[in-house]
Amino acid sequence: MAEVPTEILLSKRVQEMVLNDEEPPPTPYICRDGDTVEEVSAPLSLVPIIDLSLFSSSSSSTPCTKQQEELEKLRSALSSWGCFQAIGHGISSEFLDKIRQVTREYFEQPMEEKKKHAKGVEEFEGYGADPVPAAGQFLDWSDRLYLQVYPKDQRKLVFWPERPESFRGILEEYSLKTKIVTEIVSKAMAKSLNLEENCFLNQFGERSQYQARFNYYSRCQRPDLVLGLKPHADGTGYTTILQDEEGLQVLKDEQWFTVPKLSEAFLVLMGDQMEIMTNGIFKSPVHRVVTSSERERISVVVFYTPEVNKEFGPEDDLINEERPRLFKKVKDYADTHWGYYQQGQRALHTAKV
Ligand SMILES: O=C(O)CCC(=O)C(=O)O
Ligand SMILES: [Fe+2]
């Protein structure tokens, strides 16, 4: 088969190729041949579950025993896995189903409808795929809609779908609700490290960034050859991920652990910037998405990142003789991260002292 240039492939959607029966996947998507790392399936994978409802009465300065136990569980989860499944977050299961449903409806629309919000191959926002990666890097077997949500004055509404009609309203509501959850999580993370509860919120700043990414992972005839999303760590502060089917895997102890499907939960996953702020105590885990030959998968991801141009670094109280400073103060780390990501590499070393 003749090689199709990457730019041409990226101007066409994976979903389109699957619907047109243009499989097996073209070469730039083939990245798994000979992949030998062990995979641990969902029932056996013990991704920690944390009940956020135990933290919401956080005004009290002396946490009760149950809260204290959950804080310890949180600290241990983030120091080993770098992620946890959040329950008790205050967002109803009906609403989570609603956003999953509207995401599916969005992607199931005809291609012309989605292409109304298409991004250029070098842009971030809008409907399409990631910008063209560095030469020799693989392409992801997925399609996305990527939107800046907060600060509100940064929204580019031209990319916000008008169909399904309920889409914008549901995204607005989901963003407001996840914003509240990130406040609870940020405070709980601080308390779990015996820090002042607002310290991370202050580091993220008043104009912290929320980007929403809606992912559509088409089924693939050869899931053994492609990945929905290549292995990477997030360049964010942290990320929340709502899924409707299994497919996300987190690397721990040199094994891929599948994140189990829990309809009432979403995954909270540390990005590199939380690893920096906690002086390396919390881990930003490598993760990836595998595809299935039987069903497609959607996920709704919110990237939560410190405000643009704001310097941040390890909390002073986490630097001591036993744990010397590991990271410098940095700013706009997400940009550095992106440059490395496009070459299939991590950027965390650039922040090391
Ligand atoms: O779709 C998922 O489950 C994970 C998405 C992800 O890791 C990302 O968008 O960075
Ligand atoms: Fe990610």
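Residues numbered from 1 in each chain as written. Chains lettered and ligands numbered in written order. Predicted model: local features only at pLDDT ≥ 70, side-chain atom pairs only at ≥ 80, totals over all residues. Heavy atoms only, no water.

**Here we look at the site of ligand 1**
The full set close to ligand 1 counts 14 residues, and Arg-213, Tyr-217, His-287, Arg-297 and Ser-299 are the nearest of them. Contacts to ligand 1 include Arg-213, whose side-chain N or O atom sits 2.9 Å from an oxygen atom. For ligand 1, an oxygen atom lies 3.3 Å from a polar atom in the side chain of Asp-234. For ligand 1, the protein covers 99% of the area, taking 300 Å² as the surface of the free molecule. (Near = heavy atom within 4 Å. Polar contact = N/O pair within 3.5 Å; in protein donor to acceptor, adjacent residues only side chain to side chain. Areas by Shrake-Rupley, 256 points an atom, 1.4 Å probe, with all protein chains shown as cover.)

**With respect to unusual backbone geometry**
Between Glu-23 and Pro-24 the backbone carries a cis peptide bond, its omega angle lying at 5 degrees. Topologically, Pro-24 is positioned in the loop between α2 (14-19) and β1 (39-40). Here the bond from Tyr-150 into Pro-151 is cis, since omega is -5 degrees, no more than 30 degrees from zero. By the element assignment, Pro-151 lies in the loop between β5 (143-150) and α6 (167-192). Backbone geometry at Asn-309 places phi at a positive 70 degrees, although glycine is not the residue there. (Helix = DSSP H or I, 4+ residues; strand = E, 2+ residues; numbered from the N terminus.)

**Things to note about the environment of Thr-178**
Relative to the elements of secondary structure, Thr-178 occurs in helix α6. The exposure class assigned to Thr-178 is buried, which follows from its relative accessible area of 2%. In terms of polar contacts, Thr-178 uses its side chain to reach the backbone carbonyl oxygen of Tyr-174, at 2.8 Å. Among the polar contacts made by the side chain of Thr-178, one reaches the main-chain carbonyl oxygen of Ser-175 at a distance of 3.2 Å. (Buried < 20%, exposed > 50% of the residue type's maximum accessible area, 1.4 Å probe, protein only.)

**So, the pairing of strand β6 (residues 209-217)**
Both faces of the sheet carry side chains from a regular strand, because those side chains alternate between them. Of all nine residues making up β6, nine are buried, and the element is well covered by its neighbours. Neither face of β6 is left uncovered, since the one carrying Gln-209, Gln-211, Arg-213, Asn-215 and Tyr-217 and the one carrying Tyr-210, Ala-212, Phe-214 and Tyr-216 both have all their residues buried. Note that β5 and β6 share seven bridges and pair antiparallel. Its bridge partner lying in β6, Gln-148 is registered against Gln-211. Pairing of β6 with strand β13 (residues 297-305), which is carried by nine bridges, proceeds in the antiparallel orientation. Within β13, the position partnered with Tyr-216 by the bridge is Ile-298. (Pairing = 2+ DSSP bridges.)

**Notes on the confidence of the model for the protein**
This prediction gives the protein a mean pLDDT of 93; 95% of its residues lie at or above 70. For this predicted complex, the interface score ipTM comes out at 0.99, alongside a pTM of 0.95. (pLDDT = per-residue confidence, 0-100.)

**Considering the coordination of the iron ion (ligand 2)**
Those protein atoms acting as donors to the iron ion (ligand 2) are His-232 (NE2), Asp-234 (OD) and His-287 (NE2), and they sit at 2.1 to 2.2 Å. Spacing between the donor residues of the iron ion (ligand 2) along their common chain follows H-x1-D-x52-H. The exposure class of Asp-234 is buried, given its relative accessible area of 6%. (Donors = N, O, S within 2.8 Å, 3.2 Å for Na, K, Ca; no water.)

**Concerning the nonpolar core**
Formed by 66 residues in total, the largest nonpolar core has its most connected members in Phe-84, Met-189 and Phe-214. Here this core gets ten residues from one element, more than from any other, and that element is α6. With residues up to four places along the chain from it excluded, the contact list for Phe-214 reads Ile-99, Thr-103, Phe-107, Asp-143, Arg-144, Leu-145, Leu-147, Phe-167, Leu-171, Ser-299 and Val-300. (Core = buried A, V, L, I, M, F, W, Y, C linked by side-chain atoms within 4.5 Å. Contact = heavy atoms within 4.5 Å.)

**Comments concerning the pairing of β13**
A large share of β13 lies buried, amounting to nine of its nine residues. By the alternation rule, side chains of β13 split into Arg-297, Ser-299, Val-301, Phe-303 and Thr-305 and Ile-298, Val-300, Val-302 and Tyr-304, which are all buried. Two strands pair when backbone bridges link them, and strand β8 (residues 238-243) and β13 are joined in this way by six bridges, in the antiparallel orientation. Residue pairing in the sheet places Leu-242 in a bridge with Val-300 of β13.

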